[in-house]
Amino acid sequence: MIRIDCAGKLTEFSRPLVMGILNVTPDSFSDGGEHFSLDLALSRARQMVNEGADIIDVGGESTRPGSQGVSLQQELDRVIPVIAAICAEIPTPVSVDTSKPQVMREAVAAGAGMINDVMALRQPGALQAAGDLEVPVCLMHMLGEPRSMQQRPAYRDVVVEVRQFLEERVENCERAGIPREKLLLDPGFCFGKNLDHNLSLLKNLGKFADIGLPLVVGMSRKSMIGKMLDDRPVDGRLFGSLATVVMALERGAAMVRVHDVAATVDVVRVASAVLAST
Ligand code: PT1
């Protein structure tokens, strides 16, 4: 049983959750700036909910390799109206994909029920903000920063090091007054990892299970899928992405962060039926 309390939207699930990605960035890799107006963002959110999304992840700062950050004001202008509009209309929980404490605060005030931070609350003030807000937090591993993280990432043992990092961040959260029960963990596929690192993390995802916190994974349409398929462009990566979902579920993932909600919900339903059988 998976349990996540998103600011009063208590969700108990007997199967892993599907988090639908809503990028509100003009340069986003998979929606080409399509979802920039409030109306388009809202209709995309509605569509993902109709397709069975359990939670909508709203992000205004691209974190894909090579990208630059955006200013606080820019990020607020992008995500806050979208979160407010979704929360006013749709009961589905919303998470905010941000590393900035002020964005976390305003997003939760606008109705967001979860924080998804690729920096794992390492920005100054982020631990404090998340502690004050009392919503669940997804802590993700990233080596370096988006602008340069893919320049020769190196590990002695990627699985051990990512695990150590996440456990350390959990300790930091607990010391800052954020209870363990509020935390989810994500190994951060393609965040300062080469293909071998990513494959090793996926194959060994089960080694994170005994930390005892729900695992989130995001591989949807990422470069690691493209690399395994002769450099297939983004729009041809759905089937490969679904294969990674099955393998992550088999290894205990509690939540998958994806663009293609309808397809992923079918995969999750079928895979979890098999996994629940005797
Ligand atoms: C993720 C994630 C995220 N990914 C969580 N949040 C992104 N919790 C944004 C590429 O190499 O995995 N987990 N928020 C998107 N980031 C990337 C990174 C997108 C790399 C694409 C690539 O293609």
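Just above sits the structure.
Predicted, not measured: the structure shown is a model, and the values here were computed from it.

Below, the discussion takes up helix α3 (residues 101-109). Buried within α3 are the following residues: P101, V103, M104, A107 and V108. Seen end-on, α3 carries its buried residues on one side only, within an arc spanning 160°. Tucked into the core, α3 has its buried residues touching α2 (72-89), β5 (94-97), β6 (114-117) and α4 (126-133). Two residues or fewer after α3 comes G111, characterised by a positive phi angle close to 120°.

Next up on the list: the pairing of strand β10 (residues 255-258). Side-chain alternation along β10 places M255 and R257 on one buried face and V256 and V258 on a second face that is also buried. Inspection of the sheet shows strand β9 (residues 216-217) paired to β10 by two bridges, in the parallel sense. By the bridge assignment for β10, V216 is matched with M255.

Throughout the structure, instances matching the rule amount to 13 salt bridges. Here R163 ties to E167 by a salt bridge, and the two come within 3.1 Å at their closest N and O atoms. Taken as a pair, R163 and E167 lie in helix α5 (residues 158-175) at a separation of four residues, close to a single helical turn.

Let's shift gears to the environment of Q74. Structurally, the position occupied by Q74 is in helix α2. Separated by 188 residues in the primary sequence, Q74 and A262 place their C-alpha atoms 31 Å from one another.

This part takes up the site of the ligand. Near the ligand, the surroundings consist of 16 residues, among which D97, N116, D186, K222 and S223 are the closest. Interatomic distance of 2.6 Å between a side-chain N/O atom of D186 and a nitrogen atom of the ligand. A distance of 2.7 Å separates an oxygen atom of the ligand from a polar side-chain atom of K222. Coverage of the ligand by the protein chains reaches 94% of its 510 Å² of free accessible surface. Residue classes in the shell around the ligand are distributed as seven nonpolar, four polar and five charged.

Generally speaking, nonpolar side chains in soluble globular proteins are found buried as a group. With 73 residues, the main nonpolar core has L22, V58, I83, I86, L121, L139 and F208 as its most contacted residues. At eight residues, the largest contribution of residues to this core is made by α2. Residues contacting V58, with those up to four places away along its chain left out, are L22, V24, V79, V82, I83, I86, V94, S95, V96 and D97. In terms of nonpolar packing, the next biggest core, distinct from the first, is built from eleven residues, L17, C138, L184 and V216 among them.

What follows is about the side chain of K222. Inspection of the secondary structure puts K222 in the loop between β9 and α7 (223-228). One buried charged residue, K222, forms no salt bridge at all, with the nearest opposite charge on D186 at 6.6 Å. Polar side-chain contacts of K222 include one of 2.9 Å to the backbone oxygen of F189. Setting aside residues up to four positions removed in sequence, K222 forms contacts with F189, C190, F191 and R237.

Time to look at the sheet that holds β9. Strand order across the open sheet formed by eight strands is β8-β7-β6-β5-β4-β3-β10-β9, with parallel pairing between neighbours. The sheet terminates laterally at β8 (183-186) and β9, the two strands that pair on one side only. Both strand β4 (residues 55-59) and β5 contribute to a ladder of four bridges, which runs parallel. Pairing of G59 across the sheet is with D97, part of β5.

The next subject is the pairing of strand β3 (residues 17-23). Within β3, seven of the seven residues are buried, leaving the element largely enclosed by the surrounding structure. Residues L17, M19, I21 and N23 point to one face of β3 and V18, G20 and L22 to the other, with burial holding for every one of them. Both β3 and β10 contribute to a ladder of four bridges, which runs parallel. Note that in β10 the partner of V18 across the bridge is V256.

This part covers the state of the cysteines. All chains considered together, the criterion is met by zero disulfides. The structure places no disulfide on C138, whose sulfur is separated from the nearest cysteine sulfur, that of C173, by 11 Å. When its relative accessible area of 1% is taken as the criterion, C138 is described as buried.

Structurally, the α-helix is built with 3.6 residues per turn, so residues lying three or four positions apart point the same way. The first and last C-alpha atoms of α5 sit 26 Å apart over 18 residues, in line with the 26 Å expected at 1.5 Å per residue. Every buried residue of α5 is accounted for by V158, V159, V162, R163, F165, L166, R169, V170 and C173. The buried residues of α5 occupy an angular sector of 160° when the element is viewed end-on, so they sit on one face. Of the surrounding elements, those touching the buried residues of α5 are α4, β7 (137-140), β8 and α6 (195-203).

Quick notes on the rules
Within each chain, residue numbers correspond to sequence positions counted from 1 in written order. In keeping with the predicted nature of the model, local features appear solely for residues at pLDDT of at least 70, side-chain atom pairs appear and are counted solely at 80 or more, and the whole-chain, interface and lining totals rest on all residues. Side-chain calculation: all heavy atoms of the structure are included, whereas hydrogens and water are not. Note on classification: 1.4 Å probe, protein chains only; a residue is buried when its accessible area is under 20% of the maximum for its type, exposed when over 50%, partly exposed between these limits. The numbering of helices and of strands both runs from the N terminus, where a helix is a DSSP run of H or I of at least 4 residues and a strand a run of E of at least 2. In this description, one arc is meant: the one made by directions from the helix axis to the C-beta atoms. Any two residues whose heavy atoms approach within 4.5 Å at even a single point are treated as in contact. Note on pairing: DSSP must find at least two bridges between two strands before they are called paired. Criterion for a salt bridge: a side-chain nitrogen of Lys or Arg within 4 Å of a carboxyl oxygen of Asp or Glu. Throughout, the term near means that a residue has one or more heavy atoms lying within 4 Å of the molecule or strand in question. Counted as a polar contact is a pair of N or O atoms within 3.5 Å, where, for protein atoms, one must be capable of donating a hydrogen and the other of accepting one, and residues adjacent in sequence contribute only when both atoms are in side chains. The Shrake-Rupley method, run with a 1.4 Å probe, gives the accessible areas here. Residue values count only the displayed protein chains as cover. Ten residues, namely Ala, Val, Leu, Ile, Met, Phe, Trp, Tyr, Cys and Pro, are considered nonpolar, four, namely Asp, Glu, Lys and Arg, are considered charged, and the remaining ones, Gly among them, are considered polar. Here, the term nonpolar core denotes a set of buried Ala, Val, Leu, Ile, Met, Phe, Trp, Tyr and Cys residues that are joined through side-chain atoms within 4.5 Å. Counted as positive: Lys and Arg. Counted as negative: Asp and Glu, with His and the chain ends omitted from the count. We call a pair of cysteine sulfur atoms a disulfide whenever their separation is within 2.5 Å. To estimate how far a helix should extend, the number of its residues minus one is multiplied by 1.5 Å.

Purely geometric stuff here, so don't read any function into it on its own.
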